Amino acid sequence: LKLLKIYIIVGWKNGTEYRKDFFISIIDFFVSILITIVFWSFIFDDLIIFEGWGKEELVILALIGNTSWALSEFFAGTWSLPEKIVSGQIDKYLCRPINSLFATIMESSQFDEVLKGFIGLLILMIATMIIYGTYSINIVSILLGILSLLIGVVIISLMRVTISSLSFWLGETSSLNMILHLEDFSFERYPLDIFGKYSFIFIYFIPIGFISTIPTKIILGGTPIYKALFFEMLIFIIWLVIATLVWKYGLKKYESYGG
């Protein structure tokens, strides 16, 4: 906990070193959300774009998508794991009585970006209350939807840990950056239903659904809440076990860069 506290303080100071740039990035986040809302609300007006999805649902989906990637910056260190493994930078964690994986990830966390995630959650709650009369929304479903979103962020991060840890065996894994930077594809901005029979790929193999479609359906009452959460927790446990084992066995293959 002391280590985490230090990382939070240092990470926040690094992210807010240039105050104007920091506030501009916050404004940029708001603009991104606004553009998304305008896109779904006005361009397509009252049309049903995807079967079973109205414009309000798509707006909430897009809000959750924007928020999820901001929150995932808490685990931004998963992106730099391959570089640290290849260059031998994880030596300093292995010689101390701490969890090496946790320390390596937290060192590169972007806590200023995480603030955007909390702002996004606030906007999400306001938006859901605005459309309260259209759907069977209550505070419990909102909180459980946010819980589902947070679990989904962790699941995505565990997947990144697993992919990044392959560097223990493969060395440089820049060819896998496409999987590590899933936000570049914006899959989370669209409901999984549009992928038809291939939607399972975005749940079991590339778990994008847990940071977009599933939380949205939980908030709007479009799916059995506790059944969805139970299934999501099961997927979380599976990815946790996989990521932990891959990291553990990867350390046995690790050779210090400095000898």
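The paragraphs below set out a description of the structure included in this document. In this text the structure is predicted, and so the values were computed from the model without any measurement.

Observations regarding the overall build of the protein chain
When helices and strands are tallied, the protein chain shows 13 helices and 0 strands. Starting at the N terminus and ending at the C terminus, the protein chain contains elements arranged as α-α-α-α-α-α-α-α-α-α-α-α-α. For the protein chain, with 259 residues in total, the buried portion stands at 48%. At a minimum sequence separation of 6, the contacts of the protein chain that also span at least 24 residues come to 76%. For the protein chain, the accessible area works out to roughly 13,700 Å², and carbon and sulfur atoms hold 68% of it.

Some thoughts on the packing of helix 3 (residues 55-71) against helix 8 (residues 139-165)
At a closest axis distance of 10 Å, the pairing of helix 3 and helix 8 adopts a crossing angle of 55°. Considering their axes alone, helix 3 and helix 8 lie oblique with respect to each other. Pair helix 3 / helix 8 crosses with right-handed handedness. Here helix 3 contributes Ile64, Thr67, Ser68, Trp69 and Leu71 to the contact with helix 8, which in turn contributes Leu149, Leu150, Val153, Ile156 and Arg160. When its residues are assigned to classes, the contact of helix 3 with helix 8 shows 7 nonpolar, 2 polar and 1 charged.

Some remarks on a nonpolar patch on the surface
Nonpolar side chains collect at one region of the surface, where Trp169, Leu170, Ile237, Val241, Leu245 and Tyr249 lie side by side and expose about 580 Å² of accessible area between them. Top contributing element to the nonpolar patch by residue count: helix 13 (residues 225-253), with 4 residues. By secondary structure assignment, the location of tryptophan 169 is in helix 9 (residues 167-170). Take tryptophan 169: its relative accessible area is 40%, and that puts it in the partly exposed class.

Points about the packing of helix 3 against helix 7 (residues 111-130)
Where helix 3 meets helix 7, the axes come as close as 7 Å, and the angle between the chain directions of the two elements is 160°. In terms of orientation, helix 3 lies roughly antiparallel with respect to helix 7. The way helix 3 lies across helix 7 gives a crossing that is left-handed. Within the contact between the two elements, helix 3 uses Ile60, Leu63, Ile64, Thr67, Ala70 and Leu71 and helix 7 uses Glu113, Val114, Lys116, Gly117, Phe118, Gly120, Leu121, Ile123, Leu124, Ala127 and Thr128. Grouping the amino acids of the contact of helix 3 with helix 7 by side-chain chemistry returns 11 nonpolar, 4 polar and 2 charged.

Observations regarding helix 7
An ideal rise of 1.5 Å per residue puts 28 Å on 20 residues; helix 7 measures up with 29 Å between its terminal C-alpha atoms. For helix 7, the complete set of buried residues consists of Phe111, Asp112, Val114, Lys116, Gly117, Ile119, Gly120, Leu121, Ile123, Leu124, Ala127 and Thr128.

Quick word on the environment of lysine 92
Structurally, lysine 92 is set in helix 5 (residues 91-94). Look at lysine 92 and you get partly exposed, because its relative accessible area is 43%. In the structure, lysine 92 is positioned 12 residues away from threonine 104 in sequence and 9.4 Å away in space, judged by C-alpha atoms.

A word on the side chain of threonine 78
When you line up the elements, threonine 78 lands in the loop between helix 3 and helix 4 (81-87). Relative accessible area serves as the criterion here: at 1%, threonine 78 is assigned to the buried category. Contacts of threonine 78, omitting those with residues within four sequence positions, involve Ile105, Ser157, Arg160, Val161 and Ser164.

So, the side chain of serine 167
Positionally, serine 167 belongs in helix 9. Take serine 167: its relative accessible area is 4%, and that puts it in the buried class. Looking at serine 167, its side chain comes within polar contact range of the main-chain oxygen of serine 164, at 3.1 Å.

Topic: helix 8
The end-to-end C-alpha distance of helix 8, which contains 27 residues, comes to 39 Å, matching closely the 39 Å that a straight helix rising 1.5 Å per residue would cover. When you tally the buried positions in helix 8, you get 21 out of 27 residues, the bulk of the element.

What counts and what doesn't
Residues numbered from 1 in each chain as written. Predicted model: local features only at pLDDT ≥ 70, side-chain atom pairs only at ≥ 80, totals over all residues. Heavy atoms only, no water. Helix = DSSP H or I, 4+ residues; strand = E, 2+ residues; numbered from the N terminus. Buried < 20%, exposed > 50% of the residue type's maximum accessible area, 1.4 Å probe, protein only. Contact = heavy atoms within 4.5 Å. Areas by Shrake-Rupley, 256 points an atom, 1.4 Å probe, with all protein chains shown as cover. Axes fitted to C-alpha atoms, helices over the stretch in contact; angles between N-to-C directions. Parallel < 35°, antiparallel > 145°, perpendicular 65-115°, else oblique. Left-handed = near helix turned anticlockwise from the far one by under 90°. Nonpolar A, V, L, I, M, F, W, Y, C, P; charged D, E, K, R; others polar. Patch = residues over 30% accessible without salt bridge, like charges linked within 9 Å, V, L, I, M, F, W, Y side chains within 5 Å. Salt bridge = Lys/Arg side-chain N within 4 Å of Asp/Glu carboxyl O. Expected span 1.5 Å × (residues − 1). Polar contact = N/O pair within 3.5 Å; in protein donor to acceptor, adjacent residues only side chain to side chain.

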